[in-house]
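# A look at the structure
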Protein chains: 4
Amino acid sequence: MDIAMIGLGRMGANMAERLHRGGHRVIGVDPGEAARNAAAARGFEVSASLADALAKLPVPRVVWLMVPAGEVVDQTLAALAPHLSEGDVVIDGGNSYYKDSVRRSAQLLQDDITYLDCGTSGGVWGLQEGYSLMIGGDKATVERIGDIFRTLAPAADRGWSHVGPSGAGHYCKMIHNGIEYGMMQAYAEGFALMQRKAEFNLDLAEVARTWQHGSVVRSWLLDLSVEALEKNPQLDGIAPYVPDSGEGRWTVAEAIDLDVSAPVITLSLLERLRSREGNSYSDRMLSALRNQFGGHQMKTD
Amino acid sequence: MDIAMIGLGRMGANMAERLHRGGHRVIGVDPGEAARNAAAARGFEVSASLADALAKLPVPRVVWLMVPAGEVVDQTLAALAPHLSEGDVVIDGGNSYYKDSVRRSAQLLQDDITYLDCGTSGGVWGLQEGYSLMIGGDKATVERIGDIFRTLAPAADRGWSHVGPSGAGHYCKMIHNGIEYGMMQAYAEGFALMQRKAEFNLDLAEVARTWQHGSVVRSWLLDLSVEALEKNPQLDGIAPYVPDSGEGRWTVAEAIDLDVSAPVITLSLLERLRSREGNSYSDRMLSALRNQFGGHQMKTD
Amino acid sequence: MDIAMIGLGRMGANMAERLHRGGHRVIGVDPGEAARNAAAARGFEVSASLADALAKLPVPRVVWLMVPAGEVVDQTLAALAPHLSEGDVVIDGGNSYYKDSVRRSAQLLQDDITYLDCGTSGGVWGLQEGYSLMIGGDKATVERIGDIFRTLAPAADRGWSHVGPSGAGHYCKMIHNGIEYGMMQAYAEGFALMQRKAEFNLDLAEVARTWQHGSVVRSWLLDLSVEALEKNPQLDGIAPYVPDSGEGRWTVAEAIDLDVSAPVITLSLLERLRSREGNSYSDRMLSALRNQFGGHQMKTD
Amino acid sequence: MDIAMIGLGRMGANMAERLHRGGHRVIGVDPGEAARNAAAARGFEVSASLADALAKLPVPRVVWLMVPAGEVVDQTLAALAPHLSEGDVVIDGGNSYYKDSVRRSAQLLQDDITYLDCGTSGGVWGLQEGYSLMIGGDKATVERIGDIFRTLAPAADRGWSHVGPSGAGHYCKMIHNGIEYGMMQAYAEGFALMQRKAEFNLDLAEVARTWQHGSVVRSWLLDLSVEALEKNPQLDGIAPYVPDSGEGRWTVAEAIDLDVSAPVITLSLLERLRSREGNSYSDRMLSALRNQFGGHQMKTD
């Protein structure tokens, strides 16, 4: 098929390459010259102009957005609008908030343009291993352009599916990331408990390798843990500072909105916030209170 | 090699069979006639008597315990004692508390008997797929009887290892189960959030299948989720009642003992306790307090 | 002073009465006849009509809203608008979201009407004991009508203050309620642990009474606990079902928005959600997974 | 009455003084010369020798221990043993583990010595305000020496009580401290959320003062918060480092042992552990994993 890939960052460039390798014609679009040059070196067409890229594609077109969630998506859609025509398909493969996707889909439908929200998991490994794709929106459209998903996914019939109406794809991706936070935190805590147990002098990479085969906790994240721990068993030089992106926050907000208690996903997010608090006011308050009632000495800076 | 397998419950019988299939001579020992008969039908020798079984094995012997953690292990060791001789190896493959294993190892060493603690993961799937084995104790002994581990593990060179001195094996298994609690809870919360989102009418098994390929959250537990959800998507008829075994509790206690905050593993345990509280006193107290200060109507039984 | 009290529910009627007792002229407004009749019996004027009530008050007027947070506030403001004039003061004493108060204040300012957001704590006890009032908005206005706050507060100079610009009053009340959730949960857990300790056969009301004097945990909530436990030590007949109102949710959302980890306030909210989940899907999922990997029997409904 | 106070640390010296002021004869015992001199200056007798102090008291004697929990209590009891005689009463007013108190009580009973466990709350304020005392052990003995408790408590008839058999006093104190952790954490989080909200420029001491009168969250800990915040509103120079003593840990262990989920008390303890972790391994592991799957840049030390 013919596809415009809008956004040639790490994810977009990789996905474009996988599509290109899979026999699709891909035109990569990015305002950044460096990104375009790097992409061109991978063998597919690039363009600095949305108008130019869309003009080159046969209608109805398939336009894949791989840009940062939030305003950039709306800006890109606004910039695309004059160049789209009836029957075109726009796919948002980024980590957009599912309610935004519901809204955008309804808006584009007014011009007979189909909007699909495609939750995409796989990170930097997706290029080689394929991506897991959760797709929301019009089912017939998903089937019509199924060749794109078959190429991006790990196998033609696995790792992708139409999960529901508009928004459902990004909803599933949001939950996916919430689960991811929880799993990562569970592993991190477990490895920390083994690392701290000095008397056993455990080789954490070796323990993790043992778990890769036959254990209940085997997983892809465990495989990645093995690689991280083999390279740097004491995790030296890495700061205890963990960013978070929107999906974790949205999952926590959604859980509360649905009246569902999701304590582990919630705490996983809070631990990340905590990792970035420099000089916790609440801890200092606790110290001050202990001093007030018990005369306990406070540790000073 | 020649091995006595003490305890022919679900785990013991499967492990005995895997060893038997792997070419080892196994004598299964269990006081229960039904367990022995079921085991005999699997093709390996059985015996009701420890003395009898040990008498049949060439010295130095290898005796594998697969009995419930706690007192039963001590009782079994006491019963074994008169029949063991210098150079014998006793392996505890159950979920014993690692401090007990340290103690038992030291005790048996006084009679020149080597005690190995072997954390065993894999559940009912281990028979076919092999077990993940984390072994603590004398390294030379582990190497000497390595054929046993090679047979039990998923592959001769993978899924088993000597992780450290006595206690280290069960320590790693304890942490493994703590991580398992956290991962399970993360998935459970995520699936609950998808199930509750009625407007998307998600097919949870289908979403889980999509995640099995290429996603960050792919894992063996996810594979099992697919099977559970395919069989019973609404989990009808299952009570929201989750047992826990000792490892989760020990992990939480260990974390506190090591001054390491492990909130996700801890909360995962607490959620299981909560699942079994019939008529929470603390919730009723909250309701009573709201009534006291705000005049809020209390819901009654 | 002369004040219209809009909304004669439990809180509004009590506050109107405290103002009336304090020598202010109060006109209570409520669409419900029963509420008006009950209020009239307390000795102050009532009216079914905003227009009528406002017409009776000398300008510039003071109008106090004690209506449910959310749309009702906006509807009430819309209904008030035609009857307000330059210099009037509208006070929202309910539990509005602080961002709504910021918006409403800005809107009313366009017509030279001053909007104050007044976080009000005290519940049904406020009538006798006075209310704690956290006031946001124009400071000079707060001082000008200070007699109102002096009457409502526990003492003329204590229990009320201007805490900051518009929104600050409701912000402080939101945080106040977040703290309240955490404190209530802490007590509830503690009492549950004493109740469960059958071997000591503790008289919880007696323990609580002991704590009321000299202990670190003495508080007004503890005083209320004593009353609740004296009346019903086993909390019989009360359902373990705990509602929550918006402030807890907003506090959690605000914490995440500010990148501040507030685990105890957060978990306190989640426990309330949990108390209302009938048949937890996540617990059932855990049970199903345990069955999958370990062959553990599931408890059925 | 005549009492030996063993241990003249901050708590012991204050309690001895309150008893002395209340008309009791007190002999303070401490091995440290500085502690004895400071105590002597408060007007009551002191001694360096247990034997000497006990010899001066009329039998049956009352001996109050105010020494660090754990081994010191057992050592002190061993040192006391030769000097005690039938009918003497030993009171442990420290923060001992309740199971130790059960054991010690049974042991002393063999020599007809009555052991009381007295949970003592009040901190450095107890000297002036009186202590809250939860007493476990023989009820008739508690009544017989009730004058001691009447003097120590805030009022003759309030703030002290016999709560149950041996162990019950320290059990209630343990739970008391668990609740204290939860309440402190709730306040600390709330104040942190107000401190972080720069746009409102809140005066936290002023907000806290407002809450002291009429609000649902008024408490003694809030009173102490006011003092702490008035002295040092930004808590400058205080390290975010919060010690914990045994009671919090025991409460968490007890909750798990009783199969009661107490998430807020538990998380309050974990936050203290977290405050003292210098360079969290689990946070670094999370950062390493994010880098592995997403190519996300890790922050370095």
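Residues numbered from 1 in each chain as written. Chains lettered and ligands numbered in written order. Predicted model: local features only at pLDDT ≥ 70, side-chain atom pairs only at ≥ 80, totals over all residues. Heavy atoms only, no water.

Stated precisely, the cut-off is as follows: UniProt positions are given in the numbering used here, feature names are shortened, and annotations may be inferred rather than shown by experiment.
Chain A carries the name Decarboxylating 6-phosphogluconate dehydrogenase in an unreviewed UniProt entry, which gives Stenotrophomonas oahuensis as its organism. Word for word, the UniProt comment on chain A under Pathway (unreviewed entry) is "Carbohydrate degradation; pentose phosphate pathway." The annotation that UniProt attaches to chain A under Sequence similarities (unreviewed entry) is "Belongs to the 6-phosphogluconate dehydrogenase family."

## Observations regarding the overall build of chain A
Rules: Elements are defined by DSSP. Helices are runs of H or I of four residues or more, strands are runs of E of two residues or more, and each kind is numbered from the N terminus. A simple rule labels every residue: compare its accessible area, found with a 1.4 Å probe on the protein chains alone, to the largest value its type can have, and call it buried under 20%, exposed over 50%, or partly exposed in between. In this description, contact between two residues means that some pair of their heavy atoms is separated by no more than 4.5 Å. The Shrake-Rupley method, run with a 1.4 Å probe, gives the accessible areas here. Residue values count only the displayed protein chains as cover. For this count, His and the chain ends are skipped, Lys and Arg are scored as positive, and Asp and Glu as negative. Lysine's charge is taken at NZ, arginine's at CZ, aspartate's at CG and glutamate's at CD.
Regarding its fold elements, chain A presents 14 helices and eight strands. In terms of overall dimensions, chain A has a C-alpha envelope of 75 × 40 × 35 Å along the principal axes. Evaluated residue by residue, chain A yields a buried proportion of 62% over its 301 residues. Of the contacts formed within chain A by residues at least 6 apart in sequence, a portion of 64% connects residues at least 24 apart. Accessible area for chain A stands at about 10100 Å²; split by element, carbon and sulfur atoms hold 48% of it. Here chain A carries 28 positive and 38 negative side-chain charges, and the mean point of each set is 4 Å from the other.

## Re the interface of chain D and chain C
Test applied: The term buried area refers to how much accessible surface (probe radius 1.4 Å) is lost by two components on association, counted for both of them together. What makes a salt bridge here is a side-chain nitrogen of Lys or Arg within 4 Å of a carboxyl oxygen of Asp or Glu, nothing more. Here a polar contact is recorded for every N or O atom pair within 3.5 Å, except that within protein the pair must consist of a potential hydrogen donor and a potential acceptor, and residues adjacent in sequence are included only if both atoms are side-chain atoms. Each residue gets one of three labels, nonpolar for Ala, Val, Leu, Ile, Met, Phe, Trp, Tyr, Cys and Pro, charged for Asp, Glu, Lys and Arg, and polar for the others, Gly among them.
With 66 residues of chain D at the interface, the matching set in chain C holds 66 residues. Taken as a group, Leu 193, Phe 200 and Val 216 of chain D account for 13% of the area that chain D buries against chain C, more than any other trio of residues on that side. Among the salt bridges present, the one from Arg 218 of chain D reaches Glu 129 of chain C, with a minimum N-O distance of 2.5 Å. Taken together, chain D and chain C are joined by 24 residue pairs in polar contact (both at pLDDT 80 or more). Looking at the side of chain D that touches chain C, the elements that each hand over two or more residues are strand S7 (132-136), strand S8 (160-164), helix H9 (168-196), helix H10 (204-211), helix H11 (220-231), helix H12 (246-257) and helix H13 (263-276) of chain D. For the side of chain D that touches chain C, the leading source of residues is H9 of chain D, giving 18 residues. Here the side of chain D that touches chain C is built from residues that sort into 35 nonpolar, 19 polar and twelve charged.

## Details of unusual backbone geometry
All names here are of chain C. At the junction of Val 59 and Pro 60, the peptide bond is cis and its omega measures out at -10° in the coordinates. By the element assignment, Pro 60 lies in the loop between helix H3 (50-56) and strand S4 (62-65). Positioned with a positive phi, Asn 201 is a non-glycine residue whose angle comes to about 45°. Assignment of secondary structure puts Asn 201 in the loop between helix H9 (168-196) and helix H10 (204-211).

## Some points on the relation of the copies chain B and chain A
Comparison of the two chain copies shows a relationship of rotation about an axis with a shift along it. Put simply, the rule reads: Least-squares superposition aligns the copies on the C-alpha atoms of those residues with pLDDT at or above 70 in both.
Each copy superposes on the other: chain B lies on chain A with an RMSD of 0.0 Å after a rotation of 180° and an axial shift of 0.0 Å. Such values leave the two copies arranged in the relation of a two-fold axis. Across chain B, the rotation axis passes nearest the C-alpha of Ser 219 of chain B, at a separation of 1.9 Å. Mapped onto chain A, 100% of the interface residues of chain B are again interface residues, and the two copies thus contact each other with one and the same surface.

## Focus on the confidence of the model for chain A
This is how it is decided: Think of pLDDT as the predictor's per-residue confidence, scored from 0 to 100.
Averaged over chain A, the pLDDT score is 96; the fraction of residues at 70 or greater is 100%. In the model output, the complex is listed with pTM 0.97 alongside ipTM 0.97.

## Section: the relation of the copies chain D and chain C
Turning chain D through 180° and shifting it by 0.0 Å along the axis lays it on chain C, with an RMSD of 0.0 Å. Here 100% of the interface residues in chain D have copies in chain C that are interface residues too; the copies meet face to matching face.

## Here's the deal with the pairing of strand S4 (residues 62-65) of chain A
All names here are of chain A. Filter applied, for reference: For two strands to be treated as a pair, DSSP must find at least two bridges joining them. Handedness of a crossover is defined as follows: orient the strands so they point away from the viewer, and if the path from the first strand over the helix to the second runs clockwise, the crossover is right-handed.
Side chains Val 62 and Trp 64 of S4 all project onto a buried face; the interleaved residues Val 63 and Leu 65 project onto the opposite face, where all are buried too. Taken together, the four bridges between strand S1 (residues 2-6) and S4 define a ladder with parallel strand orientation. From the neighbouring strand, Ile 6 faces S4, where its bridge partner is Leu 65. As paired strands, S4 and strand S5 (residues 89-92) are joined by four bridges and run parallel to one another. Pairing of Leu 65 across the sheet is with Asp 92, part of S5. On the question of chirality, the crossover connecting S4 to the parallel S5 by way of helix H4 (residues 71-80) is right-handed.

## So, the pattern of salt bridges
All names here are of chain B. Tallied over the entire structure, the rule returns 92 salt bridges over all chains. Put simply, Arg 21 and Glu 17 hold a salt bridge, and the shortest N to O gap is 2.8 Å. A residue pair is termed a helical-turn pair when its members lie 3 or 4 positions apart in one helix, as Arg 21 and Glu 17 do in helix H1 (residues 10-21) at four residues. On the basis of relative accessibility, which here comes to 48%, the residue Arg 21 falls in the partly exposed class.

## Focus on the side chain of Asp 30 of chain A
Residues and elements named next belong to chain A. Within the secondary structure layout, Asp 30 lies in the loop between strand S2 (25-29) and helix H2 (33-40). Although buried, Asp 30 forms no salt bridge, and the nearest oppositely charged side chain, Arg 36, lies 5.7 Å from it. Reaching out from Asp 30, the side chain makes a polar contact with the backbone nitrogen of Leu 8 at a distance of 2.7 Å. Beyond its immediate chain neighbours, meaning those up to four positions away, Asp 30 contacts Gly 7, Leu 8, Gly 9, Ala 35, Arg 36, Ser 47 and Ala 48.

## A closer look at the interface of chain B and chain A
Contacts between chain B and chain A engage 66 residues on the former and 66 residues on the latter. At the surface where chain B touches chain A, the tally comes to four salt bridges. If you look at where chain B meets chain A, you find 24 residue pairs in polar contact (both at pLDDT 80 or more). When residues of the side of chain B that touches chain A are traced back to their parent elements, those giving at least two are strand S7 (132-136), strand S8 (160-164), helix H9 (168-196), helix H10 (204-211), helix H11 (220-231), helix H12 (246-257) and helix H13 (263-275) of chain B. Looking at the side of chain B that touches chain A element by element, the count peaks at 18 residues for H9 of chain B.

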